[in-house]
Amino acid sequence: MAAKVISDKLPKIVTALPGPKAKAVIDSDKRYISPSYTRSCPLVVKSAQGAIVEDVDGNRFLDFNAGIAVCSTGHCHPDVVRAIQKQAETLIHMSGTDFYYEHMPKLAAELESLMQEGKAQDGKQWRCFFGNSGTEAIEAALKLARYHTGRWQFIAFQSSFHGRTMGALSLTSSKLAQRKGFGPLVPGVTHIPYPNVYRSSFNVLEYLEDVVFKTTVNPDEVAAIVIEPIQGEGGYIVPPPDFLSSLEKLARKHGILLIADEVQSGMGRTGKMFAFEHFDFHPDIIAIAKGIASGMPLGVTMARADIMNWKPGAHASTFGGNPVCLAAALETVRVLREKYVANAARMGEFLKPRLEKLMSKHASIGDVRGKGLMLGIEIVRDRNTKEPAPQLRDAIIEECFRRGVLILGAGPSTIRLSPPLMIDEEQAQFAVDTFSDALSKVTD
Ligand SMILES: Cc1ncc(COP(=O)(O)O)c(C=O)c1O
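### Description of the overall build of the protein
Part 1 of the reasoning: Within the protein, the regular secondary structure consists of 12 helices and 15 strands.
Part 2 of the reasoning: Overall, the protein is about 60 × 60 × 45 Å in size when its C-alpha atoms are taken along their principal axes.
Part 3 of the reasoning: Expressed as a percentage of the 444 residues in the protein, the buried residues total 56%.
Part 4 of the reasoning: Looking at the protein alone, contacts between residues at least 24 apart form 73% of all its contacts between residues at least 6 apart.
Part 5 of the reasoning: Carbon and sulfur atoms provide 54% of the accessible area of the protein, an area that totals close to 19200 Å².
Part 6 of the reasoning: Distance between charge centroids for the protein: 3 Å, based on 51 positive and 49 negative side chains.

Spelled out as structure tokens, the structure:
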């Protein structure tokens, strides 16, 4: 293969990995830090700009996971950095629980206008609750759904991920390790399969209506169905086109609310501002986090105004929606709207056919799926049996790291590509070539 030209937009590996400074940090981390974190490669980050991350030894990597789908505008986008700096000089904290500041209604109004722009939401009014993370956005959604409906049960999906605090964890069912040792979890959650057309033709909605609602769960007691419109940690799984609209019909029939978890799929990642906009689907409550503030901690629970009708004291957070995070979010939304949502759609159209084309070269690619820059590549032992190949998947991730491209896994044997939404064609092509070379190397 011809040598690749290294520019500032592409990786450059200058030491063995991990390098000496990285090794020292990793040793210290092992001594002091909770072993519960799941580090997938020995990367010790020093700085980052755009889609390039530099480690403590001067190695440069192309970031195709964006800090787990967070740095939507790219690392340290100059407009976002300026907004953070300006806000930090003016007001860092006052607590929206007890006082007012203009950033809260300003961002909420922006988010409401996104709802009305994205698809016909019939001019409905929305309200926002601000927390600090995805899991908090889900906690607030669960509490609100119970409060508003007076019902106590939830329907969630197998292989979903909604966070790790007790309420969210009770919905999460992506890996046993995430739940092991923490029971009993919050009662009232029933899991049903997520529709995975690559692996199964099981009729999920028939099962919910004809089995679950007739034998196990009284639908009149279900507060909400919680769903990732495109499943993230579970393997970047896109539901069939009519699934969400049929789910909505079923929910409406029983007076059940719909909670869309857009923590990973939202804020432009799929080429539309929210993943549910790809479908005929109208959630009542939306959980947003990750990409909304370009890396500053912010979780938002958005609900139709008539549903977010809880009384003062029902829910609050000391830090949630602090002015610095909200300033970052306001700038992030502006930049996403201006150019990066469209770029995510464009780069997705660039990447997906190139990944699909690799299927003729690599028998271990079982499936390529996703929308925009939320793309999954399922790695299998055999394309006919579809037997998952988790070790091979992990070896590809490791080999990509050695070659300077950062990618992560999702589900048992899928590779996920979730780069910053500002990547260009040169970077996208580099990632495809590196992935292909890495796959050739580990299957040699
Ligand atoms: C869909 C989804 N929901 C919720 C969460 C939890 O977010 P956080 O880690 O910010 O608590 C995640 C995190 O990966 C997620 O992907």
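Right, picking up where we left off after that structure.
### Here's the deal with the domain arrangement of the protein
Part 1 of the reasoning: Examined at the domain level, the protein breaks down into domain 1 (20–77 + 342–443) and domain 2 (93–321).
Part 2 of the reasoning: Between the C-alpha centres of domain 1 and domain 2 there is a distance of 26 Å.
Part 3 of the reasoning: With 33 residues of domain 1 in contact, the opposing surface of domain 2 contributes 24 residues.
Part 4 of the reasoning: Both faces combined, the contact of domain 1 with domain 2 buries some 2300 Å², and carbon together with sulfur accounts for 55% of it.
Part 5 of the reasoning: Taken together, the connections running from domain 1 to domain 2 amount to two salt bridges.
Part 6 of the reasoning: In this structure, the connection of domain 1 to domain 2 is made through 14 residue pairs in polar contact (both at pLDDT 80 or more).

### Thoughts on the site of the ligand
Part 1 of the reasoning: S133, G134, T135, F161, H162, G163, E228, E233, D261, V263, Q264 and K290 make up every residue found near the ligand.
Part 2 of the reasoning: D261 is positioned such that a nitrogen or oxygen atom in its side chain is 2.7 Å from a nitrogen atom of the ligand.
Part 3 of the reasoning: At a separation of 2.8 Å, an oxygen atom of the ligand approaches a polar side-chain atom of Q264.
Part 4 of the reasoning: Alone, the ligand offers 390 Å² of accessible surface; in the complex the protein occludes 82% of this.
Part 5 of the reasoning: Tallied by class, residues from the shell around the ligand come to two nonpolar, six polar and four charged.

### Considering the environment of P388
Part 1 of the reasoning: Here P388 is to be found in the loop between strand 12 (374–379) and helix 11 (390–402).
Part 2 of the reasoning: Residue classification places P388 among the partly exposed positions, given a relative accessible area of 30%.
Part 3 of the reasoning: Measuring from C-alpha to C-alpha, the distance between P388 and P412 comes to 6.9 Å, with 24 residues separating the pair along the chain.
Part 4 of the reasoning: Not counting the four nearest positions on each side in its chain, P388 is found in contact with R199, I379, V380, R381 and S413.

### Digging into the state of the cysteines
A disulfide bridge is the covalent bond that connects two cysteines by way of their sulfur atoms.
Part 1 of the reasoning: Taken as a whole, this structure holds zero disulfides when the rule is applied.
Part 2 of the reasoning: Unpaired in this structure, C71 has its nearest cysteine sulfur neighbour in C76, at a distance of 7.7 Å.
Part 3 of the reasoning: For C71, a relative accessible area of 10% corresponds to the buried category.
Part 4 of the reasoning: For the unlinked cysteine C128, the closest cysteine sulfur is that of C325, found at 15 Å.

### Let's talk about the sheet that holds strand 2 (residues 52–55)
Strand pairing in a sheet relies on backbone hydrogen bonds, with the paired strands running either antiparallel or parallel.
Part 1 of the reasoning: Judged by pairing direction, the sheet is mixed, and its four strands sit side by side in the order 1-2-3-13 without closing on themselves. Either end of the sheet is taken by a strand with one partner, and the two such strands are strand 1 (45–49) and strand 13 (405–406).
Part 2 of the reasoning: With three bridges joining them, strand 2 and strand 3 (residues 60–63) adopt antiparallel strand pairing. Looking at the pairing, I52 lines up with L62 of strand 3.

### Overview of a nonpolar patch on the surface
Part 1 of the reasoning: A surface patch of nonpolar side chains, amounting to about 360 Å² of accessible area, comprises Y32, I33 and Y37.
Part 2 of the reasoning: Mapped onto the elements, Y37 comes out in the loop between helix 1 (20–32) and strand 1.
Part 3 of the reasoning: Taking relative accessible area as the criterion, Y37 reaches 53% and is therefore assigned exposed.

Reading the values: rules and limits
Residues numbered from 1 in each chain as written. Predicted model: local features only at pLDDT ≥ 70, side-chain atom pairs only at ≥ 80, totals over all residues. Heavy atoms only, no water. Helix = DSSP H or I, 4+ residues; strand = E, 2+ residues; numbered from the N terminus. Buried < 20%, exposed > 50% of the residue type's maximum accessible area, 1.4 Å probe, protein only. Contact = heavy atoms within 4.5 Å. Areas by Shrake-Rupley, 256 points an atom, 1.4 Å probe, with all protein chains shown as cover. Lys, Arg positive; Asp, Glu negative; His and termini not counted. Charge placed at Lys NZ, Arg CZ, Asp CG, Glu CD. Domains from an automatic or database assignment. Buried area = accessible area lost by both parts, 1.4 Å probe. Salt bridge = Lys/Arg side-chain N within 4 Å of Asp/Glu carboxyl O. Polar contact = N/O pair within 3.5 Å; in protein donor to acceptor, adjacent residues only side chain to side chain. Near = heavy atom within 4 Å. Nonpolar A, V, L, I, M, F, W, Y, C, P; charged D, E, K, R; others polar. Disulfide = S-S within 2.5 Å. Pairing = 2+ DSSP bridges. Patch = residues over 30% accessible without salt bridge, like charges linked within 9 Å, V, L, I, M, F, W, Y side chains within 5 Å.

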